Amino acid sequence: MENKRVVLASRPAGWVSEENFRIEAAPMPAPAEGEVLVKNLWLSLDPYMRGRMSDAKSYVKGVELGEVMVGQTVGEVLESRHPKLKKGDHVLTQLGWQLFGTSKEVSKVDGSRAPLSYYLGVLGMPGLTAYFGLKELGQPKPGETVVVSAASGAVGSVVGQLAKARDCRVVGIAGGSAKCEYVKDELGFDVCIDYKAGDLHAALKAACPEGVDVYFENVGGAMLDTLLRQMNLFSRIVVCGLISEYNATEPYGYKNLRAVLVNRIRIQGMIVFDWKDRYGEGLAALSELLQKKQLKYRESIVEGLDNAPTGLISLLKGGNFGKQLVKLA
Ligand SMILES: NC(=O)c1ccc[n+]([C@@H]2O[C@H](COP(=O)([O-])OP(=O)(O)OC[C@H]3O[C@@H](n4cnc5c(N)ncnc54)[C@H](OP(=O)(O)O)[C@@H]3O)[C@@H](O)[C@H]2O)c1
């Protein structure tokens, strides 16, 4: 068995490129007392990784040059010196972009209840983001109109389905006709707008005749500015992500903030780990919906650690269709 890892070689200015990463051989680690040796099977690729490649101040410290890229994985325990885990167990880890690693901070996952990769998506961080962001900050009421951007993605797809389960009118925004058809026909949103097809403002006006009560923001920039013009009195905007701005070298200049004052809009940012103490509640709710087949989900998979950099670059450009993963083994 040989270990391999992907480290941050340089910090991107603007768009991420393959040159920002270095793939290198790594020593096979041995678990210390209290640790497990894990063979990573699945690596999650997430938009937040772009932020960690930068040294700008953020809610979590960035990756240092030469350090393994951060990321969650699901893997198999090969050797255990952990009191509660044994060889063969499957675990959720923070081991990052490498084939093998050791840790004491892992949590056991059950591959008989759901495919292991789901613990990185619908039954993991993105699913929990959707659950708590919508419930706690969006607070949609039956009959209200909820708009979700990046609607076919890991977070957006769950947000929209949860809002439908709360009897809301749900409008998705996604890039391209294939993603929009999936969002409407498979996920059951009422409408999905292809923002690449033309006038988003006009399309939103037609799709939301009674205005927008909750906007779940995954994109930012021009999309958020356009939505601000459609928001109702006392509406809520959940700022979950601003992916259109992550590779920008200049901040987007918002033009429509007056709407916040006039309509008393509540805009609140969120980071999923603000609800760390309640993950159990979120996972139970999401598992129940999955088991009842009331939650649909899809994945976008690249094969092999060597392809993780291209996978992340593609995700940041919307090349994924569903939760982006790397299959490692
Ligand atoms: N706050 C938190 O705790 C938290 C946790 C998880 C995720 N997030 C955020 O949630 C958002 C979605 O994350 P995810 O993991 O679910 O990713 P995702 O939606 O599965 O994938 C990202 C999607 O963003 C869209 N996109 C990319 N560039 C865009 C652009 N310039 N304009 C419009 N859309 C663009 C693409 O969809 P289209 O092809 O449809 O454009 C792409 O497929 C991200 O902003 C992420 O940072 C936040």
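Our subject is the structure that appears above.
Note that this is a predicted model, so its numbers are computed, not measured.

**Quick look at the sheet that holds strand β10 (residues 191–194)**
Backbone-to-backbone hydrogen bonds join strands into a sheet, with any given pair of strands oriented parallel or antiparallel.
Argument step 1. With parallel pairing, 6 strands are arranged side by side in an open sheet as β10-β9-β8-β11-β12-β13. Strand pairing shows two members of the sheet lacking a second neighbour, β10 and β13 (266–269), which therefore form its edges. Strand-to-strand twist of the sheet, defined as the mean angle between neighbouring strand axes without regard to direction, takes the value 15 degrees.
Argument step 2. Two elements, strand β11 (residues 212–217) and strand β12 (residues 231–239), share 5 bridges in a ladder whose sense is parallel. Among the inter-strand pairings, Y215 is bridged to a residue of β12, identified as I237.

**Looking at the packing of helix α2 (residues 125–138) against helix α8 (residues 279–291)**
Packed helix pairs are characterised by how far apart their axes lie and by the angle those axes make with each other.
Argument step 1. Look at α2 against α8: their axes get within 9 Å of each other, and the N-to-C directions meet at 100 degrees. In terms of orientation, α2 lies roughly perpendicular with respect to α8. The segment α2 lies against α8, with G127, L128, Y131, F132 and K135 engaging Y279, E281, G282, L283, A285 and L286.
Argument step 2. Split by residue class, the contact of α2 with α8 holds 7 nonpolar, 2 polar and 2 charged.

**Brief notes about the packing of α2 against helix α3 (residues 154–165)**
Argument step 1. Running from N to C, α2 and α3 point in directions that differ by 45 degrees, and their axes come no closer than 8 Å. Between α2 and α3, the interaxial angle falls into the category oblique. Like other packed secondary-structure pairs, α2 and α3 cross with a definite hand, here right-handed. Together, P126, G127, T129, A130, Y131 and L134 of α2 and A154, V155, V158, V159, L162 and A163 of α3 make up the contact between the two elements.
Argument step 2. Along the lines of polarity and charge, the residues of the contact of α2 with α3 split into 10 nonpolar, 2 polar and no charged.

**A few points about the site of the ligand**
Argument step 1. Every one of the 26 residues lining the ligand counts as a neighbour, but K179, Y195, Y246, V272 and N320 are closest to it.
Argument step 2. The separation between an oxygen atom of the ligand and a polar main-chain atom of A154 is 2.9 Å.
Argument step 3. G175 has a polar backbone atom sitting 2.8 Å from an oxygen atom of the ligand.
Argument step 4. Computed on the free molecule, the ligand has an accessible area of 900 Å², of which 91% lies beneath the protein chains in the complex.
Argument step 5. Mapped by element, the contributors of at least two residues to the shell around the ligand are α2, α3 and α9 (308–316).

**Some words on unusual backbone geometry**
Argument step 1. Positive phi outside glycine occurs at D167, with the angle close to 60 degrees.
Argument step 2. Tracing the chain through its elements places D167 in the loop between α3 and β9 (169–174).
Argument step 3. On the basis of relative accessibility, which here comes to 56%, the residue D167 falls in the exposed class.
Argument step 4. Even without being glycine, F234 reaches a positive phi, approximately 55 degrees.
Argument step 5. With respect to the secondary-structure elements, F234 resides in strand β12.

**Quick look at α9**
Argument step 1. When you tally the buried positions in α9, you get 7 out of 9 residues, the bulk of the element.
Argument step 2. Buried residues of α9: A308, P309, G311, L312, I313, L315 and L316, and no others.
Argument step 3. Looking at the buried residues of α9, the elements they touch are β1 (3–8), β2 (21–26), β3 (36–44), α1 (48–52), β14 (299–303) and β15 (323–327).
Argument step 4. Positive backbone phi, at 80 degrees, marks G318, one or two positions downstream of α9.

**Brief notes about the environment of R169**
Argument step 1. Checked against the element boundaries, R169 lands in strand β9.
Argument step 2. For R169 and P142, which are 27 residues apart along the polypeptide, the C-alpha to C-alpha distance reads 8.3 Å.
Argument step 3. Here R169 is in contact with E144, T145, V146, D190, V191, A207 and P209, once residues within four sequence places are set aside.

**With respect to the environment of N247**
Argument step 1. By the element assignment, N247 lies in the loop between β12 and α7 (258–262).
Argument step 2. Sequence separation of N247 and D306 is 59 residues, and the distance between their C-alpha atoms is 22 Å.
Argument step 3. In this structure N247 touches G14, W15, V16, R50 and L316, once residues within four positions along its chain are discounted.
Argument step 4. Reaching out from N247, the side chain makes a polar contact with the side chain of R50 at a distance of 2.8 Å.

**Some details on the packing of aromatic side chains**
The geometry of an aromatic ring pair is captured by the separation of the ring centres together with the interplanar angle, meaning the angle of the planes.
Argument step 1. For the structure shown, the criterion picks out 7 aromatic pairs.
Argument step 2. Geometrically, the ring pair formed by F21 and W97 is stacked, given 5.4 Å between the ring centres and 15 degrees between the ring planes. In this pair, F21 is assigned in strand β2 and W97 in the loop between β5 (90–93) and β6 (100–103), connecting sequence segments 76 residues apart.
Argument step 3. With centroids separated by 5.9 Å and ring planes inclined at 55 degrees, the aromatic side chains of Y59 and F273 adopt a geometry described as tilted. With Y59 in the loop between α1 and β4 (73–80) and F273 in the loop between β13 and α8, this pair connects stretches of sequence that are 214 residues apart.
Argument step 4. Looking at Y59, the relative accessible area reads 44%, which means it is partly exposed.
Argument step 5. Through a chain of ring-to-ring contacts, three or more aromatic side chains come together here, namely Y131, F132 and W275.
Argument step 6. The side chain of R298 reaches across the aromatic face of Y182, ending 5.2 Å from its centre.
Argument step 7. Over the ring of F321 we find R298, and its NZ or CZ is 3.5 Å from the ring centre.

About the criteria used
- Residues numbered from 1 in each chain as written.
- Predicted model: local features only at pLDDT ≥ 70, side-chain atom pairs only at ≥ 80, totals over all residues.
- Heavy atoms only, no water.
- Pairing = 2+ DSSP bridges.
- Helix = DSSP H or I, 4+ residues; strand = E, 2+ residues; numbered from the N terminus.
- Axes fitted to C-alpha atoms, helices over the stretch in contact; angles between N-to-C directions.
- Parallel < 35°, antiparallel > 145°, perpendicular 65-115°, else oblique.
- Contact = heavy atoms within 4.5 Å.
- Nonpolar A, V, L, I, M, F, W, Y, C, P; charged D, E, K, R; others polar.
- Left-handed = near helix turned anticlockwise from the far one by under 90°.
- Near = heavy atom within 4 Å.
- Polar contact = N/O pair within 3.5 Å; in protein donor to acceptor, adjacent residues only side chain to side chain.
- Areas by Shrake-Rupley, 256 points an atom, 1.4 Å probe, with all protein chains shown as cover.
- Buried < 20%, exposed > 50% of the residue type's maximum accessible area, 1.4 Å probe, protein only.
- Phe/Tyr/Trp six-rings, centres within 6.5 Å; stacked < 30°, edge-to-face > 60°.
- Lys NZ or Arg CZ within 6 Å of the ring centre and 35° of its normal.

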